[in-house]
Amino acid sequence: MAAVARLKFRKPGTGRVIGDSFVGRAIRIYIPLLILLVVTLFPFYWMAVTSFKSASELFDFSVSPLWVRDPTLDWYRHLFTQTNFPRWAFNTALVATISTLISLFCSIMAGYSLARLRYRGADAIGWGIFVTYLVPPTLLFLPLTFVIRELHLFNNLWALILTYPTFLIPFCTWMLMGFFKGIPRELEEAALVDGATRIQAMLRIAIPLALPGILAAALFAFTLSWNEFLYALIFMNDSLVKTIPVGVTQELIHGDEFFWGELMAAALLGSVPVAVLYSFFVDYFVAGMTAGAVKG
Amino acid sequence: MGTAVRTNAAPAWHQRRVRIYDREAPLGYLLLVPTLLVLGIFLLYPFLFGIWLSLTDSELGNLGNFIGLDNFRFEWRNTDGVFYTAVVNTFLYTGITTVFKLSLGLVMALLLNQAFPFRRFVRAALLLPYIIPTVLSYEAWRWMFDPTFSVVNWLLVNTHLAAYPGPNWLGVPFNAMAALMIVNVWRGTPFYAIAFLAGMQVIPLDLYEAARVDGATRWQQFTSITLPMLQPVLLVVLLLSTILTFADFQGPFVLTNGAPYNSTQLLSIWAYQWGIPGGAISLGAAISLVLFPLLTFVVAGVLFLLRRPE
């Protein structure tokens, strides 16, 4: 009898059990979700609230600090007129775009080669690329200062454009290998039988079919370079070549004095582009994780 | 023509296949050239060069002489035990946060895998901490943990969870370490959640149907279907996350930078402090190189824990 009672019917596709009480769902789903949402989003809320507060209101905790009584855009105005913030934003976007393109170019080819072509050493090289995860930027930044100096790239955005692919390519290659493996081999073989060359089969069939994966890889690469901090901190000393993360942490703090309003305004503006990008492409993001983690 | 191919399809395909694959080697290597070039110049070469640097007395912008293992000796003996603090902290930081990120990520993924209104929006919102530039969100946390104007403490005091004025988050060694971990968990959990969610969505639904018909409870379905099916995702996520947490630099750099009194020192931060502001680049290289065997050790540990039971 108990077993029969538990045998409930599912609405197809939703995973919702018909007859499940609202209170049960609230305790099981809505309340935990609400707690997670509040904890997750509070820092961003605090960032936004702070950026609209006047200097005196910032440090006034006698009334609730959770709301702005007298909103002002002064911090934003100051950020755009008195600091190099617009320049940092431009630099960040430029570096992120070019290093993403370079990484995609390299990892589409490498991913295809490792996932699809059969030759001696393919497995070993695939492993080798994966093992580069064991050598994170933290381990490389000191010797890299010598390499960058040899190439005369200090205070030159090319230093970042060339070094970011070292951590982007392994990730993208690994992710794209998953996508290429998911494309039926027969499609390419049919093209080969019809007289296409190997390169044509790759360009006309495999790469177009892997486009969702390429988009996901691009998204990851762009975000990772937008967020990068260590290399930019060390290779870029001149204010005009800094990226947002470095400019904001190094130049908006004067000695011991923190201009939290301005700092939070900059943090908010620096976060908006990636946040917008993600809200549009969150499905590709999940698909990318699936290909890399589940199939790979 | 079509029928002709079909009648002797097997041998023709087979021959064709062999010939095609014979010709794949040159293209295969050619496609790898750009990747290997970039990784060779900016990853493999600096790595090997870093090993050599750690054995010299080089300074910032000035190659020195070979001094053997003196940097490592100095690191182990002459730094008032900061080296050991950094090693212990690095392990604690990675271990403790990984446990929390793993369990909270699983909970988050289970919740997101349910049907509820505004699911897409909620999923995107919960992902935010992971995608927003770390340095920027950590600046917000630093302001939230401000010694005098901490909104966290304001909330704790006003909900009577802590006595006025509340804990001094970043000024007391234990609290500072806890703060570092809290923010790391806050930032890292969505990564686990999204990977688990991706893994859950490819589990065939009929497994659950069958289990329900057999009278399995929700908990039984979770432990005997969901968890085992998540094994491959778990492996990849754990590996990536442990490596990234172990070598984490930017978050801790912004939040505590080793303070107070080197109590939250991590190997990554310490290497930076010696190498760049301190100018002792070879000593910094020696410190960061310690990460490599430790990291290999940790990764081997993760692989061992998650090995497939035969």
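What you see is a predicted model, and the numbers here were worked out from it, not measured in a lab.

Side note on the overall build of chain B
Within chain B, the regular secondary structure consists of 15 helices and zero strands. Here the C-alpha radius of gyration of chain B, 26 Å, is well above what a compact globule of 310 residues would show, namely 19 Å. Its C-alpha atoms give chain B principal-axis dimensions of roughly 80 × 60 × 35 Å. Buried positions account for 54% of the 310 residues belonging to chain B. Taking contacts inside chain B between residues at least 6 apart in sequence as the whole, the part at least 24 apart equals 68%. With an accessible surface of roughly 14600 Å², chain B has 68% of that area assigned to carbon and sulfur atoms.

Section: the overall build of chain A
Each helix and strand in chain A was counted, giving 15 helices and two strands. Computed over its C-alpha atoms, the radius of gyration of chain A comes to 25 Å, more than 25% above the 19 Å expected for a compact globule of 296 residues. Dimensions of chain A along its principal axes, counting C-alpha atoms only, are 75 × 75 × 30 Å. The buried share of chain A, reckoned over its 296 residues, is 54%. Sequence-distant contacts in chain A: of pairs separated by 6 or more residues, those separated by 24 or more amount to 70%. For chain A, the separation between the mean place of its 21 positive charges and that of its 18 negative charges on side chains is 15 Å.

Quick word on the domain arrangement of chain A
All names here are of chain A. Domain boundaries assigned for chain A yield domain 1 (14–72) and domain 2 (77–295). Computed from C-alpha coordinates alone, the two centres of domain 1 and domain 2 are separated by 32 Å. Across the boundary between the two partners, domain 1 contributes seven residues, which contact seven residues of domain 2. Overall, the association of domain 1 and domain 2 removes approximately 570 Å² of surface from exposure, summing both partners, and the carbon and sulfur fraction of that is 84%. Sorting the residues of domain 1 by area buried against domain 2 places Met47, Thr50 and Ser51 first, and these three jointly supply 65% of that buried surface. The tally of links from domain 1 across to domain 2 stands at zero salt bridges.

Considerations on the side chain of Ser58 of chain B
By the element assignment, Ser58 of chain B lies in the loop between helix H3 (24–54) and helix H4 (70–77). Here the side chain of Ser58 of chain B touches Thr56 of chain B through a polar contact of 2.7 Å, side chain to side chain.

Observations regarding the interface of chain B and chain A
Between chain B and chain A, the contact holds 105 residues from the first and 111 residues from the second. Taken together, both faces of the contact between chain B and chain A bury some 9700 Å²; the carbon and sulfur share is 79%. Joining chain B to chain A, the criterion identifies one salt bridge. The tally of links between chain B and chain A comes to 11 residue pairs in polar contact (both at pLDDT 80 or more). Within the side of chain B that touches chain A, the residues separate by chemical class into 74 nonpolar, 19 polar and 12 charged.

Some points on the nonpolar core
Counting 189 residues, the largest nonpolar core has Leu160, Phe180, Tyr231 and Phe235 of chain A together with Leu267 of chain B as the members making the most contacts within it. With 15 residues, the single largest contributor to this core is helix H9 (residues 173–201) of chain B. If you count residues domain by domain, this core takes at least three from each of domain 1 (14–72) and domain 2 (77–295) of chain A. Contacts of Tyr231 of chain A, omitting those with residues within four sequence positions, involve Pro137, Leu140, Phe141, Leu144, Leu160, Thr163, Tyr164, Thr166, Phe167 and Met236 of chain A. The next biggest cluster of nonpolar side chains, apart from the first, holds five residues, and it includes Ile203, Tyr208, Ala211 and Ala216 of chain B.

With respect to helix H11 (residues 198–209) of chain A
Given a rise of 1.5 Å per residue, 12 residues ought to cover 16 Å, and the 16 Å separating the end C-alpha atoms of H11 of chain A matches this to within 8%. Buried residues of H11 of chain A: Arg198, Ala201, Met202, Ile205, Ala206 and Ile207 of chain A, and no others.

Details of the pattern of salt bridges
Counting across every chain of the model gives 10 salt bridges over all chains. Between Arg198 of chain A and Glu188 of chain A there is a salt bridge, and its shortest N-O distance comes to 3.4 Å. Taken together, the residues span a long stretch of sequence, with Arg198 of chain A in helix H11 and Glu188 of chain A in helix H10 (residues 185–193) at a distance of 10 residues. As far as the burial class goes, Arg198 of chain A and Glu188 of chain A line up, both buried. In this structure, Glu24 of chain B engages Arg198 of chain A in a salt bridge whose closest nitrogen and oxygen atoms are separated by 2.8 Å. With Glu24 of chain B in helix H3 and Arg198 of chain A in helix H11, this residue pair bridges two chains. Residue class for Glu24 of chain B comes out buried when judged on its relative accessible area of 0%. Among the charged side chains, a salt-bridge network with shared partners connects Arg116, Glu188 and Arg198 of chain A together with Glu24 of chain B.

Thoughts on a nonpolar patch on the surface
Taken together, the side chains of Phe22, Val23, Ile27, Ile31, Ile35 and Val39 of chain A make up a nonpolar region of the molecular surface, amounting to roughly 630 Å² of accessible area. Position of Phe22 of chain A among the secondary structure elements: in helix H2 (residues 22–51).

Some details on the side chain of Thr50 of chain A
Turning to its location among the elements, Thr50 of chain A is positioned in helix H2. Those residues within four positions of Thr50 of chain A in sequence are excluded, and the remaining contacts are Leu58, Trp75, Trp260, Gly261 and Met264 of chain A together with Trp143 of chain B.

Observations regarding the packing of aromatic side chains
Evaluation of the coordinates by the stated rule reveals 46 aromatic pairs over all chains. Between Phe42 of chain A and Trp46 of chain A, the ring centres sit 6.3 Å apart and the planes meet at 10°, which makes this aromatic pair stacked. Of the two residues, Phe42 of chain A and Trp46 of chain A are both situated in helix H2; the distance of four residues between them amounts to about one turn of the helix. When sorted by exposure, Phe42 of chain A lands in the same class as Trp46 of chain A, which is buried. Seen in terms of ring centroids, Trp76 of chain B and Phe83 of chain B are 6.1 Å apart; in terms of plane orientation they differ by 70°. Their pairing is edge-to-face. A relative accessible area of 41% places Trp76 of chain B in the partly exposed class.

Cut-offs used in this document
- Residues numbered from 1 in each chain as written.
- Chains lettered and ligands numbered in written order.
- Predicted model: local features only at pLDDT ≥ 70, side-chain atom pairs only at ≥ 80, totals over all residues.
- Heavy atoms only, no water.
- Helix = DSSP H or I, 4+ residues; strand = E, 2+ residues; numbered from the N terminus.
- Rg over C-alpha atoms; globule rule 2.2 N^0.38 Å.
- Buried < 20%, exposed > 50% of the residue type's maximum accessible area, 1.4 Å probe, protein only.
- Contact = heavy atoms within 4.5 Å.
- Areas by Shrake-Rupley, 256 points an atom, 1.4 Å probe, with all protein chains shown as cover.
- Lys, Arg positive; Asp, Glu negative; His and termini not counted.
- Charge placed at Lys NZ, Arg CZ, Asp CG, Glu CD.
- Domains from an automatic or database assignment.
- Buried area = accessible area lost by both parts, 1.4 Å probe.
- Salt bridge = Lys/Arg side-chain N within 4 Å of Asp/Glu carboxyl O.
- Polar contact = N/O pair within 3.5 Å; in protein donor to acceptor, adjacent residues only side chain to side chain.
- Nonpolar A, V, L, I, M, F, W, Y, C, P; charged D, E, K, R; others polar.
- Core = buried A, V, L, I, M, F, W, Y, C linked by side-chain atoms within 4.5 Å.
- Expected span 1.5 Å × (residues − 1).
- Patch = residues over 30% accessible without salt bridge, like charges linked within 9 Å, V, L, I, M, F, W, Y side chains within 5 Å.
- Phe/Tyr/Trp six-rings, centres within 6.5 Å; stacked < 30°, edge-to-face > 60°.

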